[in-house]
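For reference, the chains in residue letters:
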Amino acid sequence: MAGDCIFCQIIKGEKPADFVYKDDAVVAFKDINPHAPIHLLVVPRKHIRSINDLEEEDRGLVAEIIYRARQIAQEQGIGKSGYKLVFNVERGGGQYVFHVHLHLLGGWKNGWKKK
Ligand code: 5GP
Ligand code: ZN
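Residues numbered from 1 in each chain as written. Chains lettered and ligands numbered in written order. Predicted model: local features only at pLDDT ≥ 70, side-chain atom pairs only at ≥ 80, totals over all residues. Heavy atoms only, no water.

**Here we look at the site of ligand 1**
Consideration 1: Taken together, the neighbourhood of ligand 1 is formed by 17 residues, with D31, G94, Y96, V97 and H101 sitting nearest.
Consideration 2: Between ligand 1 and K30, the relevant distance is 2.9 Å, taken from a nitrogen atom to a main-chain nitrogen or oxygen of the residue.
Consideration 3: Calculation on ligand 1 without its partners gives an accessible area of 520 Å², and the protein chains cover 85% of this total.
Consideration 4: Its atoms largely coinciding with the cavity grid, ligand 1 occupies the largest pocket.
Consideration 5: Of all the secondary-structure elements, those providing two or more residues to the shell around ligand 1 are α1 (6-11) and β2 (26-30).
Consideration 6: Looking at side-chain class alone, the shell around ligand 1 contains eight nonpolar, six polar and three charged residues. (Near = heavy atom within 4 Å. Polar contact = N/O pair within 3.5 Å; in protein donor to acceptor, adjacent residues only side chain to side chain. Areas by Shrake-Rupley, 256 points an atom, 1.4 Å probe, with all protein chains shown as cover. 1 Å grid on protein atoms, 1.4 Å probe; cavity = no way out; pocket = protein on both sides within 12 Å on 5 of 7 lines; lining within 4 Å. Sits in = over half its atoms within 2 Å of the grid points. Helix = DSSP H or I, 4+ residues; strand = E, 2+ residues; numbered from the N terminus. Nonpolar A, V, L, I, M, F, W, Y, C, P; charged D, E, K, R; others polar.)

Right, dumping it as structure tokens:
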């Protein structure tokens, strides 16, 4: 846990968020600045700075995050239509919140279009 971490504050209930899923290991809530009709963040309760900081013991947790994303996508009704799962890694990869999170994006009306 890191005191100045926004996602730790959300997980502890110190900062509000629109949760769609919670269990002992993982939570998911709506992104405050969505880039898709459905844009959720799937976040481990454990504070891990970035994918680069994962340790051997975190391997199961990563699997859990992806598995829950799949379940949440189904619950949100976008399992069949499809979705994106994205980990941004470090500043060069677009990471701004340094607590590991998986972006779950989907719900485009006519599917995702490559620009
Ligand atoms: P990153 O760029 O680090 O991969 O993604 C961080 C994401 O967290 C961004 O999409 C941003 O909109 C979202 N975000 C940042 N601060 C908050 C917040 O306080 N609440 C919520 N719900 N999302 C946030
Ligand atoms: Zn944190």
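From this point, the discussion proceeds with the structure in view.
**A few points about the layout of surface pockets**
Gaps left between atoms show up when a probe the size of a water molecule is rolled over them.
Consideration 1: In this structure, the largest pocket occupies an estimated 540 Å³ of space.
Consideration 2: Taken together, 23 residues line the largest pocket, and the ones lying closest to its centre are F7, D31, I32, N33 and L41.
Consideration 3: Elements with a contribution of two residues or more to the lining of the largest pocket: α1, β2, β3 (38-44) and β5 (102-106).
Consideration 4: If one sorts the elements of the lining of the largest pocket by residue count, α1 sits on top with three residues.
Consideration 5: Residue composition of the lining of the largest pocket, by class: twelve nonpolar, seven polar and four charged. (Points joined across faces, edges and corners; volume = space filled by probe spheres on them.)

**Side note on the pattern of salt bridges**
Note that side chains of opposite charge can pair when their charged atoms are close.
Consideration 1: One pass over the structure, following the stated rule, counts nine salt bridges.
Consideration 2: Linked by salt bridges that have partners in common, D23, E64 and R68 make up one network. (Salt bridge = Lys/Arg side-chain N within 4 Å of Asp/Glu carboxyl O.)

**Some words on the pairing of β3**
Consecutive side chains along a regular strand alternate between the two faces of the sheet.
Consideration 1: Most of β3 sits inside the fold, with seven of its seven residues counted as buried.
Consideration 2: Of the two faces of β3, the one lined by I38, L40, V42 and P44 and the one lined by H39, L41 and V43 are each fully buried.
Consideration 3: Relative to β3, β2 is paired through five bridges, and the arrangement is antiparallel. Paired with V27 across the two strands is V43, which belongs to β3.
Consideration 4: Note that β3 and β5 share five bridges and pair antiparallel. (Buried < 20%, exposed > 50% of the residue type's maximum accessible area, 1.4 Å probe, protein only. Pairing = 2+ DSSP bridges.)

**Overview of the packing of aromatic side chains**
Consideration 1: Tallied over the full model, the rule gives two aromatic pairs.
Consideration 2: Here F7 and F29 contribute two aromatic rings whose centre-to-centre distance is 5.4 Å and whose plane-to-plane angle is 80°, an arrangement assigned as edge-to-face. Of this pair, F7 sits in helix α1 while F29 is found in strand β2, placing the two residues 22 residues apart along the sequence.
Consideration 3: Residue classification places F7 among the buried positions, given a relative accessible area of 6%.
Consideration 4: Owing to a relative accessible area of 2%, F29 belongs among the buried residues under this scheme.
Consideration 5: Judged by centre distance (5.7 Å) and plane angle (75°), the ring pair of F19 and F29 falls under edge-to-face. Within this pair, whereas F19 is found in strand β1 (residues 19-22), its partner F29 is found in strand β2, the two being separated by ten residues in sequence.
Consideration 6: You can call F19 partly exposed: its relative accessible area is 27%.
Consideration 7: In this arrangement the basic side chain of K22 is found over the ring face of F19, its NZ or CZ atom lying 4.3 Å from the centre. (Phe/Tyr/Trp six-rings, centres within 6.5 Å; stacked < 30°, edge-to-face > 60°. Lys NZ or Arg CZ within 6 Å of the ring centre and 35° of its normal.)

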